[in-house]
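A structural walkthrough
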Amino acid sequence: MTSVADVGGPYWNFAVRERSRTHPTAPRVSVTGPLVSSVSRDQLGRQDPPIIRAQTSEQARALVRKQLSHRPDYIKFWLVVSKTRAASEFAPLLRAAIDEAHRHGLRAFVHATGLEAARLAVNSGADVLVHSVKKGEVDADFIALLKRRNVVYITTLLVFERYQRTFWQQFDFEQEEHAWGDPHVLGSLLDLQHLNVDKLVPGFIQKRRARGPPAVPDVALKNLKRLHDAGVTIAVGTDAGNIGIPHGPAIFAEFALMRKAGLTPEQILRAATAGGAAALGSSETGVLKVGALADLLILDRDPRVDIRNTAAIHRVVKGGELIDPSGLLRPSPAQVVQRQLNAYNLHDVDRFVATYAQDAEIYRGDRLRLKGRTALRENYSSYFEASPNLHCQILRRVVQGPYVVDQERITGARGRAAAKFAHSIYEVRHGLIQRVWFDH
């Protein structure tokens, strides 16, 4: 990705943007500060909160003005409604925030996932709707309104199901998410059902599972297709950073959902390039022309044939500079071991074996137990099949050069009712696990 947009967060978002400008392989970062919100989130009441409630129109204007010294790229309003409070109740706050943003030449982004909230946002002057409408089917008047106001509609389909996939522990990560996502973040998601969450927050998991199994609402998919076909400008977004959505490679899962909604690969590509530029109000990106920023991807396979071919990245070009992608992500030994553990906890033997060298050696104590990928595959295929509830949680990890030492708690192992505590030592060479010593 050569450009990213973070639509709301703590004030240290601005420091991230400044650091990105001095790093040759960082994407171009656009940010805003804390979300001006219709509701409070007391659990986020910290020194630098990402969400701040406005209770009056003047407070909404003041929150916008407070960000101006940081030179935000846009302003975001978090329009959250409930069964007891309609969107219209927040109209004065919303209009005040948008008007103040426009007075200072800033675009207004609005979080609104219900049809009437989205309609109110656009009628109040919103330039960008940050999320797909998942409550209510869009109608002809709404479509006409978006086109008349040149509003950009960001997809973020993935966020609707990834929360539930985390709570249900039913993941379907794309290959690129495993390979390029932060493995420690993915690992923390896999540990959720094995932590004593109820002791900290009684009923937390149960309440969220009661919302239903993981799925993108059909209405969100249908709305995206209808809006696109009507000529509304679509931009790709993932809402990365929310639970279950890794920064960066989650875009490939978003592409898959857009394809499911009925968009063609070429239409998805347009939304990921020209659409993103439209959301940011940029005339220098998302287009090939003299004078524009030379930000490009060179692919080994045609993405118009299959949108998954966008992952076949040959080279990245940022500002005219050619970048070899193999040099962007060089996993540390700890990251390699964590990817192996993630595959283990997902019982995915293919991804598990792929983290090992072809001639890898597995020892139990000082005795060689397995050698080579073929032996690993045969052993762990049967082990995973016989242990459907198998899970390994890392209690402590020590890293010394190419060696990673894990203290583990293993549950659900074949033939064991109680948890097993063990230690493993991994030796990682050239990005693959070369040797492992188990004490179990």
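The paragraphs below set out a description of the structure included in this document. (Residues numbered from 1 in each chain as written. Predicted model: local features only at pLDDT ≥ 70, side-chain atom pairs only at ≥ 80, totals over all residues. Heavy atoms only, no water.)

To continue, consider a positive patch on the surface. A cluster of like positive charges, contributed by R364, R367, R369 and R414, occupies part of the molecular surface. As for its position among the elements, R369 is in strand β14 (residues 367–371). (Patch = residues over 30% accessible without salt bridge, like charges linked within 9 Å, V, L, I, M, F, W, Y side chains within 5 Å. Areas by Shrake-Rupley, 256 points an atom, 1.4 Å probe, with all protein chains shown as cover. Salt bridge = Lys/Arg side-chain N within 4 Å of Asp/Glu carboxyl O. Lys, Arg positive; Asp, Glu negative; His and termini not counted. Charge placed at Lys NZ, Arg CZ, Asp CG, Glu CD. Helix = DSSP H or I, 4+ residues; strand = E, 2+ residues; numbered from the N terminus.)

With that settled, consider the packing of helix α8 (residues 183–190) against helix α14 (residues 333–346). Packed helix pairs are characterised by how far apart their axes lie and by the angle those axes make with each other. One can describe the packing of α8 onto α14 by two numbers: an axis separation of 9 Å at closest approach and a directional angle of 30°. As summarised for this structure, α8 and α14 are arranged roughly parallel, according to the angle between their axes. As α8 packs across α14, the resulting crossing turns out to be left-handed. Seen from α8, the contacting residues are P183, H184, L186, G187 and L190; seen from α14, they are A334, Q335, Q338, R339, N342, N345 and L346. (Axes fitted to C-alpha atoms, helices over the stretch in contact; angles between N-to-C directions. Parallel < 35°, antiparallel > 145°, perpendicular 65-115°, else oblique. Left-handed = near helix turned anticlockwise from the far one by under 90°. Contact = heavy atoms within 4.5 Å.)

Below, the discussion takes up a nonpolar patch on the surface. On the surface, V398, Y403, V405 and I425 cluster together into a nonpolar patch covering about 280 Å² of accessible area. One can find I425 in strand β17 (residues 420–429). Taking the relative accessible area as the measure of exposure, I425 reaches 33% and is therefore partly exposed. (Buried < 20%, exposed > 50% of the residue type's maximum accessible area, 1.4 Å probe, protein only.)

Turning to the side chain of T156, a few remarks are in order. The residue T156 is located in the loop between β8 (152–154) and α6 (159–168) in this model. When near neighbours in sequence (up to four residues on either side) are disregarded, T156 contacts V130, H131, S132, G237, T238, D239 and E254.

Turning to the sheet that holds strand β11 (residues 313–318), a few remarks are in order. Pairing between the strands of a sheet is mediated by backbone hydrogen bonds and can be parallel or antiparallel. Judged by pairing direction, the sheet is antiparallel, and its 3 strands sit side by side in the order β10-β11-β12 without closing on themselves. Here the strands that pair on one side only, and so sit at the sheet edges, are β10 (296–299) and β12 (321–323). Neighbour-to-neighbour, the strand axes of the sheet open up by a mean angle of 25°, direction not taken into account. Examined bridge by bridge, β10 and β11 share 4 bridges and lie antiparallel to one another. Its bridge partner lying in β11, L297 is registered against V316. (Pairing = 2+ DSSP bridges.)

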